[in-house]
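Analysis of the macromolecular model
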Amino acid sequence: MNIDIDSKKETRRTANVISLMLPARMYEFECSWTTEQPLPAMEEFSCRLLLMLGTIHPNDLQNYFGLNNQEREVLLNSLFEKRLAVINADGSIKPSSLLQTKSANGVDLVPSLTVFEERQEKAVFDLLSLQLLSKANYSGTRWGLPEIEADSELMKASQDQLCEAFSRQYRAHLENTRSSHEAQKTRLYKIGQCQQQRTLQVPIDMVIELEPIRDHDVRIIRDVSQKVGEARKFPLSNELEAKIADYLGKLKISDEGISIDKFCELFGDEVLKRYISDKRFDLSAWLLDRDRKKTGYGNPNTRALLGPVYLRNNRIEVERWLKNFLSESEDKKAGRIYWLPANVPLWADSGNELAEFIAKIDDVLKKSDNSHEGLVTLFPTENNDDYYHPRKKAFSQRLPHGVALYNASPLDRVELMVFQGYFAIAQFHLQPNKTSGVTFPIGFMTSDPDRVTRIEDVLKERLKTVTNYNLMWSRDKRNLDDLLDIDYLQIAKKNYNHPQPQKPVPLITYKNKSNL
């Protein structure tokens, strides 16, 4: 059966926002530029008069502009020096051959001045495709995001390769370093030396949208760009986007754990269940029905959720629910928020969106109760020797609190977030394209008591085998008793004989110290 789609705009939805770190390097070039500058107004009108009249006496030119003798001589000397006019034997002046040549297309076309300038230009090139990136301040940006490995050959790019790359892309460089008017008038004349500067990790954002197409398939649209300031974006080249796609294709996603149909059974999701056939989820049909408002759960206490909880529209909805709940009664106080990750390679790998979510939710909770504990991320860990969980590097700078839970059930594609006493979220990570490691969480958020209890029970079931736990980090120096309600989570008391590490390791390490 084919699906008729009336409007692509209506059915296209943002399903994820992923941030990655591109390997890059800054270079300094010795450049010679030519810039076309307009003539001063009086010189321009003098040229127009010469082109219209053919010849003109200096006294007539003086009278036309109302100049004194000295001003007349300054004007004439300027026209002669710029080779715009020449003097006749009778003392009159006429247009030079240069002026006549440049005005061959019409008398209104007056030449501009060509100015030569030498400048040192700093430019940033990625080390995947040698494409120009926007030059910005990259110091300390987005610690812990996935880093794409540099191309070993481009790490050793020759000076000729770099100069050729800059020559080919200098227009983009001008657009990012000059005003639009200046960029249009400027040309690259030649490049002298090229000096290598520092190595960088450049953050880029990839907005992923889904669009249903015929035969129950889904088109995945990726908009990859480098953010420049608060509003501007610097688009990336097709060649660089292809390199990023190659990186995403190498990411592996495990099929272990529950499937989408088991997810629906476990959490009583009768809506998502309607779109499952032969253990395959019909995302295209769900997107179309979502646009037609046919994916509701029958009451305002439960609503569908596509994409990570921190996506702007989802975050706004979470904020609204929190505010409504906390405003209903003065007796209600903010408690902990427990986040159980999904075992997918790009889980929560977002820079701005995740940071905005943390800040906004924290602000709502602070206004309701200054003693709130906030968001606590629970990281299941296989054994007691794995105190420094591999995700500590990725999230210790981006999530407020992280707790290691030893011997909890392994993570799978299920992601849970429980707002203790408020509401809960359950999502399953779909992988529409098997050649890419990008996933799209889909599920629901609910304040319905029965549904919340069901999600809480699944969370507790996955933690019932926990034998010990440790605080991996806390942004505001909270302790375990503040962050972990062991009675609520129904896990055993902490074994204080658990060996503690003798020497801490750095939160973040880099291959190249110049990144610091």
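Owing to the predicted nature of the structure, the values given are computational and were not obtained by experimental measurement.

1. A closer look at the environment of Glu456
Along the chain, Glu456 falls in helix α15 (residues 449-463). For the pair Glu456 and Leu416, spaced 40 residues apart in sequence, the C-alpha separation works out to 8.9 Å. Once residues within four sequence positions are removed from consideration, Glu456 is found in contact with Val418 and Tyr488. A polar contact is formed between the side chain of Glu456 and the side chain of Tyr488, at a distance of 2.6 Å.

2. With respect to empty space enclosed by the protein
Summed over all chains, the structure comprises two cavities of 30 Å³ or more. For the largest cavity, the calculated volume is near 80 Å³. For the largest cavity, the lining is made up of 14 residues, of which Asn16, Leu346, Trp347, Ala348 and His429 are closest to its centre. When the residues that make up the lining of the largest cavity are grouped by side-chain class, the tally is 10 nonpolar, three polar and one charged. When its volume is computed, the second largest cavity comes out at roughly 30 Å³. Taken together, Val309, Trp339, Glu415, Leu416, Met417, Ile425 and Gln427 make up the full set of residues lining the second largest cavity. Elements with a contribution of two residues or more to the lining of the second largest cavity: β15 (414-419) and β16 (423-430). Looking at the lining of the second largest cavity residue by residue, the classes come out as five nonpolar, one polar and one charged.

3. Concerning the nonpolar core
The biggest cluster of nonpolar side chains holds 74 residues, and the ones touching the most others in it are Ile244, Phe281, Trp286, Leu378 and Leu484. Counting residues in each nonpolar core, the second largest holds 36 residues, with Leu305, Ile337, Phe357 and Ile425 among its members.

4. Here we look at the packing of helix α2 (residues 41-53) against helix α3 (residues 58-65)
One way to put it is that α2 packs onto α3 with a least axis distance of 12 Å and a crossing angle of 130°. By the angle between their axes, α2 is oblique relative to α3. Here α2 runs over α3; the crossing is right-handed. Taken together, the residues of α3 that come into contact with α2 (itself represented by Met42, Phe45, Ser46 and Leu49) are Leu61, Tyr64 and Phe65. The residue makeup of the contact of α2 with α3, split by class, is six nonpolar, one polar and no charged.

5. Regarding the pattern of salt bridges
Taken as a whole and assessed by the stated rule, the structure comprises 24 salt bridges. With a closest N to O distance of 3.6 Å, Arg292 and Asp289 form a salt bridge. Across the pair Asp485 and Arg336 runs a salt bridge whose closest N-O atoms are separated by 3.8 Å. Of the two residues, Asp485 sits in the loop between α16 (480-483) and α17 (486-489) while Arg336 sits in strand β12 (residues 336-340), which places them 149 residues apart along the sequence. Accessibility expressed as a relative area gives 15% for Arg336, which makes it buried. By sharing partners, the salt bridges in this structure join Arg12, Glu209, Glu211 and Arg219 into a single network.

Conventions we followed
Residues numbered from 1 in each chain as written. Predicted model: local features only at pLDDT ≥ 70, side-chain atom pairs only at ≥ 80, totals over all residues. Heavy atoms only, no water. Helix = DSSP H or I, 4+ residues; strand = E, 2+ residues; numbered from the N terminus. Contact = heavy atoms within 4.5 Å. Polar contact = N/O pair within 3.5 Å; in protein donor to acceptor, adjacent residues only side chain to side chain. 1 Å grid on protein atoms, 1.4 Å probe; cavity = no way out; pocket = protein on both sides within 12 Å on 5 of 7 lines; lining within 4 Å. Points joined across faces, edges and corners; volume = space filled by probe spheres on them. Nonpolar A, V, L, I, M, F, W, Y, C, P; charged D, E, K, R; others polar. Core = buried A, V, L, I, M, F, W, Y, C linked by side-chain atoms within 4.5 Å. Buried < 20%, exposed > 50% of the residue type's maximum accessible area, 1.4 Å probe, protein only. Axes fitted to C-alpha atoms, helices over the stretch in contact; angles between N-to-C directions. Parallel < 35°, antiparallel > 145°, perpendicular 65-115°, else oblique. Left-handed = near helix turned anticlockwise from the far one by under 90°. Salt bridge = Lys/Arg side-chain N within 4 Å of Asp/Glu carboxyl O.

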